[in-house]
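Fold and contact review
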Amino acid sequence: MSFHDLTPDKSAPPYAKCLLGLGSKFVPTPSWTTSSLSSTFSRLTRDLKLRVYFACDDTDLGETEDRPKLYVKSKWTPEDQLIPSWVDGRLDRFYTALSKLFKSKTASSNVLPLQQQLLDTLPSSERHLFQETDKGLGPCCVLTEQYLEDAAVHLNDAEVYEILSEEEAALLTDVLYTDIIDWLKEYKSYIGEDAHDYIKKHLLDNSDNPFGQFYILYKIHKGMKKGRWPTRPVCSDVSSLSHGLGKWVSEMLIPIQKAQPSYFQDSFALKLLLDAA
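To start, this report covers the structure provided alongside it. What you see is a predicted model; the values in this text were computed from it and never measured. (Residues numbered from 1 in each chain as written. Predicted model: local features only at pLDDT ≥ 70, side-chain atom pairs only at ≥ 80, totals over all residues. Heavy atoms only, no water.)

This part is about the nonpolar core. Counting residues in each nonpolar core, the largest one holds 12 residues, listed as Leu70, Ile180, Ile181, Leu184, Ile191, Ala195, Tyr198, Ile199, Leu203, Leu241, Leu245 and Trp248. Counting residues per element, the ones that place at least two in this core are helix H6 (166-191), helix H7 (193-205) and helix H8 (243-258). Residues within four places of Trp248 in sequence aside, it is in contact with Leu70, Trp183, Tyr190, Ile191, Ala195 and Ile199. Counting 9 residues, the second largest nonpolar core, distinct from the first, contains Cys140, Val142, Tyr147 and Trp229. (Core = buried A, V, L, I, M, F, W, Y, C linked by side-chain atoms within 4.5 Å. Buried < 20%, exposed > 50% of the residue type's maximum accessible area, 1.4 Å probe, protein only. Helix = DSSP H or I, 4+ residues; strand = E, 2+ residues; numbered from the N terminus. Contact = heavy atoms within 4.5 Å.)

Written out as structure tokens, the structure reads:
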């Protein structure tokens, strides 16, 4: 189990390690087993009908080489009159047989009573925050005020960040929104309809909350410096207005990146190059 108490007074809740040490990917077993398969059935029904509908099409659904990587996922489903009647009959018999195997019953818990108690109480703690450390070295515990102070070290760096008022931020997001819309109109024929729709969808989806997200990761592998743990700032762009456009720019730059003489895929490829030298 890997868990790090980074609080100055070592005040992490007792036995927190026995829960958080399981890792962020650990999933507690629900109290009851799965009983409703309606969402799974709906997805399987649509997938099968699409396969049947396009069965005689020259397009190979398994071939993805020529498909654009950026597109808006379609929700279209063939109408019943376009699908042979035997499809619904087979699906109904399959669902009936499968539903008999999924009866809701009490599930065996994969956490101890103490761990369950921690799971119920830790999220409501106002004094402590629990998050992942840098380099995937496991979860840690810090004081809320400690986290805010460490984040402020980065945000108060005037050479990197600029503090805006709410009015200034709102005005800049409006300008950015308009600029992206105008850019899409001008270059739609160049970037293609799929990329155009992808960028516009993300623009609209993020318009209600158009800003990115800032957080820090504690670099415990660096050790303490001047009585504080060093941190790495992260500015997540997923929820921002420019996320869709940024993804398109990234896709356009990848071929250029790979064409550079200095390019190697990852550290493993670098090691092979060094070994062969």
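What follows concerns the packing of aromatic side chains. Following the criterion strictly, the structure yields 8 aromatic pairs and no others. Here the aromatic rings of Phe94 and Tyr95 are separated by 5.9 Å at their centres, their planes lie at 55°, and the arrangement is tilted. When its relative accessible area of 12% is taken as the criterion, Tyr95 is described as buried. Considering the side-chain rings of Tyr161 and Phe214, the 5.8 Å spacing of their centres and the 85° angle between planes classify their relative orientation as edge-to-face. One end of the pair, Tyr161, is in the loop between helix H5 (144-155) and H6; the other, Phe214, is in strand S4 (residues 213-218), and 53 residues separate them in sequence. A residue is classified by how much of its surface remains accessible, and Tyr161, at 23% relative accessible area, is partly exposed. (Phe/Tyr/Trp six-rings, centres within 6.5 Å; stacked < 30°, edge-to-face > 60°.)

For the rest of this paragraph, the subject is the pattern of salt bridges. Following the criterion strictly, the structure yields 8 salt bridges and no others. The shortest N-O distance in the salt bridge between Arg232 and Asp134 comes to 3.0 Å. Taken together, the residues span a long stretch of sequence, with Arg232 in strand S5 (residues 231-236) and Asp134 in the loop between strand S2 (128-132) and strand S3 (139-143) at a distance of 98 residues. Under the relative-accessibility criterion, Arg232 is labelled partly exposed at 36%. Taking relative accessible area as the criterion, Asp134 reaches 5% and is therefore assigned buried. When the shortest N-O distance is used, the salt bridge between Glu149 and Arg228 registers 3.3 Å. Taken together, the residues Glu149 in helix H5 and Arg228 in the loop between S4 and S5 connect sequence positions 79 residues apart. Judged by its relative accessible area of 45%, Glu149 is partly exposed. Arg228 gets classed as partly exposed once you look at its relative accessible area, which sits at 35%. If you follow the salt bridges from partner to partner, you end up with Lys49, Asp80 and Asp88 in one network. (Salt bridge = Lys/Arg side-chain N within 4 Å of Asp/Glu carboxyl O.)

Quick look at the side chain of Asp150 now. For Asp150, the location among the structural elements is in helix H5. In this structure the side chain of Asp150 is engaged in a polar contact, spanning 2.7 Å, whose partner is the side chain of Arg228. (Polar contact = N/O pair within 3.5 Å; in protein donor to acceptor, adjacent residues only side chain to side chain.)

With 5 of 5 residues buried, S3 is to be regarded as a mostly interior element. When strand S1 (residues 4-5) meets S3, the two strands line up parallel, connected through 2 bridges. From the neighbouring strand, Asp5 faces S3, where its bridge partner is Cys141. As paired strands, S2 and S3 are joined by 5 bridges and run antiparallel to one another. By the bridge assignment, Leu129 is partnered in S3 with Val142. What sits between the antiparallel neighbours S2 and S3 is a turn of 6 residues, in which Lys135 has the positive phi angle 65°. (Pairing = 2+ DSSP bridges.)

Before going further, it helps to spend a moment on a negative patch on the surface. Taken together, Glu162, Glu166, Glu167 and Glu168 make up a surface patch of like negative charges. Assignment of secondary structure puts Glu162 in the loop between H5 and H6. (Patch = residues over 30% accessible without salt bridge, like charges linked within 9 Å, V, L, I, M, F, W, Y side chains within 5 Å. Areas by Shrake-Rupley, 256 points an atom, 1.4 Å probe, with all protein chains shown as cover. Lys, Arg positive; Asp, Glu negative; His and termini not counted. Charge placed at Lys NZ, Arg CZ, Asp CG, Glu CD.)

Before going further, it helps to examine the sheet that holds S1. Spatially, the 3 strands line up as an open sheet ordered S1-S3-S2, and their pairing is mixed. Each of the sheet's edge strands pairs with one partner strand only, and the pair in question is S1 and S2. In this fold H5 packs onto S2 and S3, with an angle of close to 95° to the strand it touches most, S3. (Axes fitted to C-alpha atoms, helices over the stretch in contact; angles between N-to-C directions.)

These figures capture arrangement, not role.
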